[in-house]
Amino acid sequence: MKYFIHDHYGTQQTLIDSLPSGYTALDYEHSDTVGIIQSDCGIPIACIPGVVTQLSMQYTNTPTVEWVCVSISHCANWTDVENEFTLIETEQAEAWARNKQWLEDNGHSIPE
Amino acid sequence: MIIQDVFEPTLKEAMQTLGKGAAVNQNTGVYSINDVTNQIKQGQWGVNYPANDMTTARTGVANGFVKTGRLNLNGNFAGYYDLAYWNGNLTINDDNELGAFLDNFFFTGNTDTHSALVYINGDLNIHYPCIIKPAVRKLFTCFYIAGAFTHDGLISMTDRGANHSGTGNSHGYTAPIAIPINGTVTIPATGGAGGARANRTTSGSSYNGGGTATYGTGGGGSGHNHLSSSGNTTAGAGGTGTCFSGGGSGCGTMTYDTSNTATATHDAQPNGGAGGKPYTLGAGAANYGSSGGVGNPGGFAVGAEAGSGFGNNATWVKQPSNGGFMEQNAIDPWKGIGTERGPGRYVDAGNGTAGVFIAMCEGNYTGTYGRIESRGHNVGNYHEIGGNGSGGGRAGGGGGGIGMVFGGTGTRTGPTPVVDGGQHGNNYGGGPGGAGTGAIYAL
């Protein structure tokens, strides 16, 4: 499940009209929205428009799946949105790779 | 400059009192002969509106500030104000009015202790790409437009939230209060909660995002806590948002097998104060360095390894927050291209919290290309200074601010304010800042 948090004024109507399956669109100003995200995902809303989704973030050898609120204000379509998710996951994986290299170079064990 | 203290139930009524009063004879009341003599000498007796309003300011005769004083809303002190006044319609579309020139139109240099009030006695048209942003931090900025408001430019309070804590680089303390806007909407004194300190005793990563509040600013995120092997470590907490500022963020920590203990200095300071300071030598920054949080000012950074370039790059020496010592991003002048998520904020670094902007117009609110924003600071995405080299676990993002537009007619189709919190990021980034309030309402 992914939540598309949009504003109240139709600014993201194109994205709403083409909402992919697996997404739920929520109006940020609806009184239930903050509670839904907090109870289902356990995180606050950080950005509007944004997508609250689970990403695979590699902080150690074993990636962690966690809820993240991703800003999509620059995304024109859902392909851009999916690319944004990939970019975040990729860059964290790269950061882990650098960390892992440093650990190896300094004779430390690699956390699982 | 006329000094006038204002006591009104709401900000809307205060703006009407100040603005409408600015266009009528100021001399009603009971005066001593000395008062009359002094005002005649100053050219302020018998005038229909002050001679130094912005109509004359635009010709270079004077600035636009006509009143200052205390602002009291619903019985609570809301700080001092500076009022700029424009009599008639105002269209801002001159190439020479981009950026700083408008600062002089609308904003004084009074920092942290004053709000910026602007009364337009007519229509306001801001054309693309004109920018309105105060040069210094303000309690809040409020435009009252007696006519229609057409907005195609940029109005920003990003990084202009007040440090009203009375500590550090604050210019004075102002207690947060509930700010009643129009009898329906009230900005709460306390915004979203800051992300709590993130503690770890096992290998892995933790952080906590800032919260949100109805009609309020967002809270700042905690720092990222990454523990590689073993120990007991804690990243600093984010700050709670207030009516005058989004919350700052806490410092990050990244260690291999050493422990550290968080104190208040590692948390964002309250009321728009300093960002959480990083761990310094040894336990906190031994292997990876440590990043300070966003705030006023942003917390500095501590690098674990000696770097290169301008400045003192010795190991574990305190560094300006996230590269802020550089006027230009000399490490990567092409930041923003390719996989880098830019543009970076090297010059401003972690300095600044999101502020509060309110516009009220009696006519239509329209515009196609315009933008109103008050966003929390990002600090988590810098590859070249992050990871294991110097930055360590990143700080959290700043809380989002407030952008509210109140329209007097049913036509309220202008741009929606953008009030994101600072993002979590992807390089051991800290907790995101909570979103603020960006909305359009009936006046």
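Asks: Lay out the overall build of chain B with the relevant residues and their values.
Replies: Within chain B, the regular secondary structure consists of 4 helices and 26 strands. Counting over 443 residues, chain B shows a buried share of 60%. A separation threshold of at least 6 residues defines the contact pool for chain B, and within that pool the share at least 24 residues apart is 71%. Here chain B has roughly 15,200 Å² of accessible surface; of this, 51% comes from carbon and sulfur atoms.

Asks: So what about the overall build of chain A? Which residues, and what values?
Replies: Looking only at helices and strands, chain A has 3 helices and 4 strands in total. Helices and strands in chain A line up, N terminus first, as β-α-β-α-β-β-α. Taken against the 2.2 N^0.38 rule, which gives 13 Å for 112 residues, the C-alpha radius of gyration of chain A at 17 Å runs more than 25% over that of a compact globule. Taking all 112 residues of chain A together, 46% fall into the buried category. Here the contacts in chain A between residues at least 6 apart in sequence split such that 44% fall between residues at least 24 apart.

Asks: Account for the interface of chain B and chain A, naming residues and giving values.
Replies: When the parts of a complex come together, some accessible area is lost, and that lost area is often taken as the interface size. Taken together, the 39 residues of chain B in the interface contact 37 residues of chain A. Between chain B and chain A, a total of about 2,900 Å² is buried, with carbon and sulfur atoms accounting for 48% of that surface. In this structure, the connection of chain B to chain A is made through 0 salt bridges. Inspection of the region where chain B meets chain A yields 12 residue pairs in polar contact (both at pLDDT 80 or more). For the side of chain B that touches chain A, the secondary-structure elements that each account for two or more residues are strand 15 (204-206) and strand 26 (437-442) of chain B. Among the residues making up the side of chain B that touches chain A, the classes are represented as 9 nonpolar, 25 polar and 5 charged.

Asks: Describe the side chain of Ser 206 of chain B, listing the residues and the values that go with them.
Replies: Residues and elements named next belong to chain B. Along the chain, Ser 206 falls in strand 15. Among the polar contacts made by the side chain of Ser 206, one reaches the side chain of Arg 200 at a distance of 2.7 Å. Dropping the residues within four chain positions of it, Ser 206 is found in contact with Ala 198, Asn 199, Arg 200, Gly 223, His 224 and Asn 225.

Asks: Which residues make up the sheet that holds strand 15 of chain B, and what values go with them?
Replies: All names here are of chain B. Across the sheet, 3 strands lie side by side as 15-16-18; this open sheet has mixed pairing. Whereas interior strands pair on both sides, the edge strands pair on one side only; in this sheet they are strand 15 and strand 18 (253-255). On average, each strand axis in the sheet is inclined to that of its neighbour by 10°, with strand direction left out of account. Two strands pair when backbone bridges link them, and strand 15 and strand 16 (residues 225-227) are joined in this way by 3 bridges, in the antiparallel orientation.

Asks: I'd like a rundown of the sheet that holds strand 3 (residues 50-57) of chain A, residues and numbers included.
Replies: All names here are of chain A. Taken together, the 4 strands give an open sheet; going across it, the order is 2-1-3-4, and neighbouring strands pair in mixed fashion. Each edge of the open sheet is held by one strand with a lone partner, namely strand 2 (23-27) and strand 4 (64-71). Pairwise comparison of adjacent strand axes, ignoring direction, gives a mean angle of 30° for this sheet. Direction of pairing for strand 3 relative to strand 4: antiparallel, over a ladder of 8 bridges. Among the inter-strand pairings, Gly 50 is bridged to a residue of strand 4, identified as Ser 71. The strands touched by helix 2 (residues 33-41) within the sheet are strand 1 (2-6), strand 2, strand 3 and strand 4, with strand 1 carrying the most contacts at an inclination of about 155°. Sheet strands in contact with helix 3 (residues 78-105) are strand 1, strand 2, strand 3 and strand 4, and its direction is about 35° off that of strand 3.

Asks: Account for the pattern of salt bridges, with residues named and values stated.
Replies: Residue and element names in this part refer to chain B. Using the criterion set out here, one finds 6 salt bridges over all chains in the structure. Among the salt bridges present, the one from Arg 70 reaches Asp 5, with a minimum N-O distance of 3.0 Å. Placement of Arg 70 in strand 3 (residues 65-73) and of Asp 5 in the loop between strand 1 (2-3) and strand 2 (6-8) is noted, with a sequence separation of 65 residues between them. Arg 70 gets classed as partly exposed once you look at its relative accessible area, which sits at 42%. Between Asp 420 and Arg 375 there is a salt bridge whose closest N-O contact spans 3.0 Å.

Asks: I'd like a rundown of the environment of Leu 71 of chain B, residues and numbers included.
Replies: Residue and element names in this part refer to chain B. With respect to the helices and strands, Leu 71 occurs in strand 3. Residue Leu 71 is classed as buried on the basis of its relative accessible area of 0%. Distance in space between the C-alpha atoms of Leu 71 and Val 6 is 5.1 Å, their sequence separation being 65 residues. In this structure, Leu 71 is in contact with Val 6, Leu 11, Ala 14, Asn 76, Phe 77, Ala 78, Gly 79, Tyr 81, Ser 115 and Phe 140, ignoring residues within four places of it in sequence.

Asks: Please provide a residue-by-residue account of the packing of aromatic side chains, values included.
Replies: In the structure shown here, the tally under the stated rule is 12 aromatic pairs over all chains. Seen from their ring centres, Tyr 23 of chain A and Trp 78 of chain A are 4.6 Å apart, and the 55° between their planes marks the pair as tilted. With Tyr 23 of chain A in strand 2 and Trp 78 of chain A in helix 3, this pair connects stretches of sequence that are 55 residues apart. Here Tyr 23 of chain A falls in the buried class, since its relative accessible area comes to 9%. Here Trp 78 of chain A falls in the buried class, since its relative accessible area comes to 9%. Relative to Tyr 119 of chain B, the ring of Tyr 85 of chain B lies with its centre 5.9 Å away and its plane at 15°, an arrangement referred to as stacked.

Asks: Help me get a handle on the environment of Cys 69 of chain A, residues and values and all.
Replies: Of note, Cys 69 of chain A is situated in strand 4. Here the alpha-carbon distance between Cys 69 of chain A and Cys 47 of chain A, two residues 22 residues apart in the chain, equals 7.0 Å. Setting aside chain neighbours within four positions, we find Cys 69 of chain A in contact with Ile 43, Pro 44, Ile 45, Ala 46, Cys 47, Val 51 and Val 52 of chain A together with Gln 423 of chain B.

Asks: Any chance you could break down the confidence of the model for chain B for me, citing the residues and the numbers?
Replies: Residue and element names in this part refer to chain B. Averaged over all residues, the pLDDT of chain B is 83; the fraction at 70 or higher stands at 76%. Confidence drops under pLDDT 50 across residues 56-63; counting only partners more than four residues distant or on other chains, this segment forms 15 contacts. A low-confidence stretch, residues 332-347 stays under pLDDT 50, and its non-local contacts, those more than four residues away or across chains, total 41 contacts. Reported for the predicted complex are a pTM of 0.89 and an ipTM of 0.94.

Asks: Report on unusual backbone geometry, specifying residues and quantitative values.
Replies: Ile 48 of chain A connects to Pro 49 of chain A through a cis peptide bond whose omega is 0°. The amide bond that connects Asn 296 of chain B to the next residue, Pro 297 of chain B, takes the cis arrangement and shows omega of 0°. Mapped onto the elements, Pro 297 of chain B comes out in the loop between strand 19 (290-291) and strand 20 (301-302). Backbone geometry at Tyr 215 of chain B places phi at a positive 65°, although glycine is not the residue there. For Tyr 215 of chain B, the position within the fold is in the loop between strand 15 and strand 16. Residue classification places Tyr 215 of chain B among the partly exposed positions, given a relative accessible area of 28%.

About the cut-offs
- For every chain, the first residue of the written sequence is number 1, and numbering continues from 1 along that sequence.
- Ligands are numbered from 1 and chains lettered from A, in the order in which they are written.
- Per-residue local features are limited, in this predicted model, to residues with pLDDT of at least 70; the limit for side-chain atom pairs, both in listing and counting, is 80 or more; totals at the level of whole chains, interfaces and linings are taken over all residues.
- Values shown for side chains rest on all heavy atoms present in the structure; no hydrogens or waters enter the calculation.
- Helix and strand assignments come from DSSP, with helices taken as H or I runs of at least 4 residues and strands as E runs of at least 2, each series counted from the N terminus.
- Here the term buried applies to any residue with accessible area under 20% of the maximum for its type, exposed to any over 50%, and partly exposed to those in between, with areas from a 1.4 Å probe on protein chains only.
- Every residue pair with non-hydrogen atoms within 4.5 Å of one another is taken to be in contact.
- Note on areas: Shrake-Rupley with a 1.4 Å probe; residue coverage comes only from the protein chains shown.
- Both definitions apply: the radius of gyration is a C-alpha atom measure, and the globule rule equals 2.2 Å times residues to the power 0.38.
- Once two parts are joined, some of their accessible surface, as seen by a 1.4 Å probe, is lost; buried area is that loss totalled over both.
- A pairing counts as a salt bridge when a side-chain nitrogen of Lys or Arg comes within 4 Å of a carboxyl oxygen of Asp or Glu.
- Polar contacts, as used here, are pairs of N or O atoms within 3.5 Å; protein pairs need one atom able to donate a hydrogen and one able to accept it. Residues neighboring in sequence count only if both atoms are side-chain atoms.
- The nonpolar class holds Ala, Val, Leu, Ile, Met, Phe, Trp, Tyr, Cys and Pro. Asp, Glu, Lys and Arg form the charged class, and all remaining residues, Gly among them, are polar.
- For two strands to count as paired, DSSP must find a minimum of two bridges between them.
- Only C-alpha atoms enter the line fits that serve as axes; for helices the fit covers just the stretch in contact. Angles between N-to-C directions range over 0 to 180 degrees.
- Whether two aromatic rings pair depends on their centres lying within 6.5 Å, for rings of Phe, Tyr and Trp, where Trp uses its six-membered ring; planes under 30 degrees apart make the pair stacked, over 60 edge-to-face, and the rest tilted.
- In predicted models, pLDDT denotes the confidence assigned by the predictor to each residue on a 0 to 100 scale.

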